[in-house]
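Residue-level listing of the chains:
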Amino acid sequence: MPYQRIVILTGAGISAESGIKTFRAEDGLWEEHRVEDVATPEGFAADPVLVQNFYNGRRKQLLSDAVKPNAAHFALAKLEQEFDGELLIVTQNIDNLHEQAGSNKLIHMHGELLKMRCAYTDILYPIKGDISVDDRCECCGMRGALRPHVVWFGEMPLQMEDIYQALETCDLFIAIGTSGNVYPAAGFVRQAGISGANTMEINLEPSAVQSTFSEHRYGLASSEVPRLVAEILSVSL
Ligand code: NAD
Ligand code: APR
């Protein structure tokens, strides 16, 4: 039976072949940095220069010519264009490679690298360069008020109500390139299963929550995702 409502969760693995390091690989971002230092509100309070520099570096890399969407991002954009039903991509990634590939129905649950936020007013601003701790915020005039628009450990991920609403009504849930270590995203498969959806994992290796999925495909996202998208479109047309 063709699917009507699909929710797709993506993680760092979908951007790995675009040249952006994942978090938990042997050469991953969390091997080079302590999570507590660069991805918590306490780390930011203790050393804002270190934290701003960490995200300034990641932003510079994202904007470099070397980083481009890969076949998996493009396949998901094609699915959005050609699929007859509803499709929502929920990404844990803070890069903008889904948008660059052409996806529009997208929730950035962990924030966006190309936005900064006033810590006092929550007003968002686009940012392409570096954020300095000496910058004054446009809205409040305070120095040091601007922070990356990124969800840190201990903070609430974004648009959770919209995400759960979609999970409660979907008939297919696909997780792509995520290790299943970080909640609440790692729990989405369980919610989708309770809703009666078929659940599918695409990853290089079994994730921490692999036993919760009904179907698994292990391999590169750039091969597995275009193949799956072709299958979904062939039955939905
Ligand atoms: P939390 O602080 O309640 O829990 C974090 C959990 O992660 C804890 O169970 C902790 O033991 C575990 N953890 C700590 N370091 C880890 C590591 N290196 N690898 C795997 N697990 C580790 O926070 P939470 O509610 O789970 O997270 C809040 C949200 O912030 C989550 O959605 C998370 O993904 C997000 N976040 C985003 C970024 C980012 O850079 N985009 C970084 C960190 C967290
Ligand atoms: N194709 C498919 N899967 C891949 C590829 C690839 N080319 N390369 C890596 N992977 C898989 C890895 O095997 C791993 O299971 O992608 C997964 C990436 O896992 P993590 O590095 O843990 O990234 P992610 O799950 O997105 O992390 C979740 O944790 O640190 C926080 O907020 C941060 O959003 C992040 C969250």
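- The protein chain is annotated in an unreviewed UniProt entry as NAD-dependent protein deacylase of Zhongshania arctica.
- Check the Subcellular location (unreviewed entry) section of the UniProt entry for the protein chain; it says "Cytoplasm".
- Its UniProt record gives the protein chain a comment under Sequence similarities (unreviewed entry), which states: "Belongs to the sirtuin family. Class III subfamily."

### Concerning the overall build of the protein chain
Item 1. When helices and strands are tallied, the protein chain shows 10 helices and nine strands.
Item 2. The C-alpha radius of gyration computed for the protein chain amounts to 18 Å, which stays within 12% of the reference 18 Å derived for 237 residues, consistent with globular compactness.
Item 3. Taking the principal axes of its C-alpha atoms as reference, the protein chain extends roughly 55 × 35 × 30 Å.
Item 4. Buried positions account for 40% of the 237 residues belonging to the protein chain.
Item 5. Contacts spanning at least 24 positions in sequence make up 64% of the contacts within the protein chain whose residues lie at least 6 apart.

### Some remarks on the sheet that holds strand 6 (residues 146-150)
Item 1. The sheet built from three strands is open, its strands ordered 5-4-6 with antiparallel pairing. The open sheet has two edge strands, strand 5 (124-126) and strand 6, and neither has a second partner. Recorded for the sheet is a direction-independent mean angle of 45° between the axes of neighbouring strands.
Item 2. Pairing of strand 4 (residues 111-118) with strand 6, which is carried by five bridges, proceeds in the antiparallel orientation. Paired with Cys118 across the strands is Leu146, a residue of strand 6.

### Here we look at the site of ligand 2
Item 1. Close to ligand 2 lie 23 residues, the nearest being Gly11, Gly13, Thr22, Gln92 and Ser179.
Item 2. Broken down by element, the shell around ligand 2 gets its largest block of residues, three residues, from helix 1 (residues 12-16).

### Re the nonpolar core
Item 1. Val7, Leu76, Cys170, Phe173, Ile174, Ile176 and Val225 are the most contacted members of the largest nonpolar core, which has 41 residues in total.
Item 2. Examining the composition of this core, we find that six residues originate from one element, helix 6 (residues 71-82), more than from any other.
Item 3. If you look at the next biggest cluster of nonpolar residues, it comprises nine residues, including Phe54, Tyr55, Leu113 and Val150.

### Here's the deal with helix 8 (residues 160-169)
Item 1. Listing the buried residues of helix 8 in full gives Ile163, Ala166 and Leu167. Relative to the axis of helix 8, the buried residues are bounded by an arc of 100° and lie together on one face. Those residues of helix 8 that are exposed and angled more than 90 degrees off the buried face are Glu161 and Gln165.
Item 2. Close packing links the buried residues of helix 8 with strand 1 (5-10), strand 2 (86-91), strand 3 (106-108), strand 7 (172-176) and helix 9 (188-194).

### Comments concerning the site of ligand 1
Item 1. Around ligand 1, the structure places 16 residues, and the nearest of them are Ala39, His110, Phe153, Gly154 and Val182.
Item 2. Along the lines of polarity and charge, the residues of the shell around ligand 1 split into 11 nonpolar, three polar and two charged.
Item 3. Taken domain by domain, the shell around ligand 1 gets at least three of its residues from each of domain 1 (5-19 + 69-110 + 158-236) and domain 2 (21-66 + 111-150).

### Brief notes about the domain arrangement of the protein chain
Item 1. When cut into domains, the protein chain gives domain 1 (5-19 + 69-110 + 158-236) and domain 2 (21-66 + 111-150).
Item 2. On a C-alpha basis, the centroid separation for the pair domain 1 and domain 2 is 25 Å.
Item 3. Every contact between the two is made by 12 residues of domain 1 and, on the other side, 10 residues of domain 2.
Item 4. The leading source of residues in the side of domain 1 that touches domain 2 is helix 1, at three residues.

### Quick look at unusual backbone geometry
Item 1. Following Tyr183, the chain continues into Pro184 via a peptide bond in cis, with omega recorded as 10°.
Item 2. Of note, Gln159 is a non-glycine position whose phi angle comes to about 55°, a positive value.
Item 3. Position of Gln159 among the secondary structure elements: in the loop between strand 6 and helix 8.

Basis of the calculations
- Residues numbered from 1 in each chain as written.
- Chains lettered and ligands numbered in written order.
- Predicted model: local features only at pLDDT ≥ 70, side-chain atom pairs only at ≥ 80, totals over all residues.
- UniProt positions renumbered as here; feature names shortened; annotations may be inferred.
- Helix = DSSP H or I, 4+ residues; strand = E, 2+ residues; numbered from the N terminus.
- Rg over C-alpha atoms; globule rule 2.2 N^0.38 Å.
- Buried ≥ 20, exposed ≤ 12 C-beta atoms within 10 Å, placed from the backbone.
- Contact = placed C-beta atoms within 7 Å.
- Pairing = 2+ DSSP bridges.
- Axes fitted to C-alpha atoms, helices over the stretch in contact; angles between N-to-C directions.
- Near = placed C-beta within 6 Å.
- Core = buried A, V, L, I, M, F, W, Y, C linked by C-beta atoms within 7 Å.
- Arc of directions from axis to C-beta.
- Nonpolar A, V, L, I, M, F, W, Y, C, P; charged D, E, K, R; others polar.
- Domains from an automatic or database assignment.

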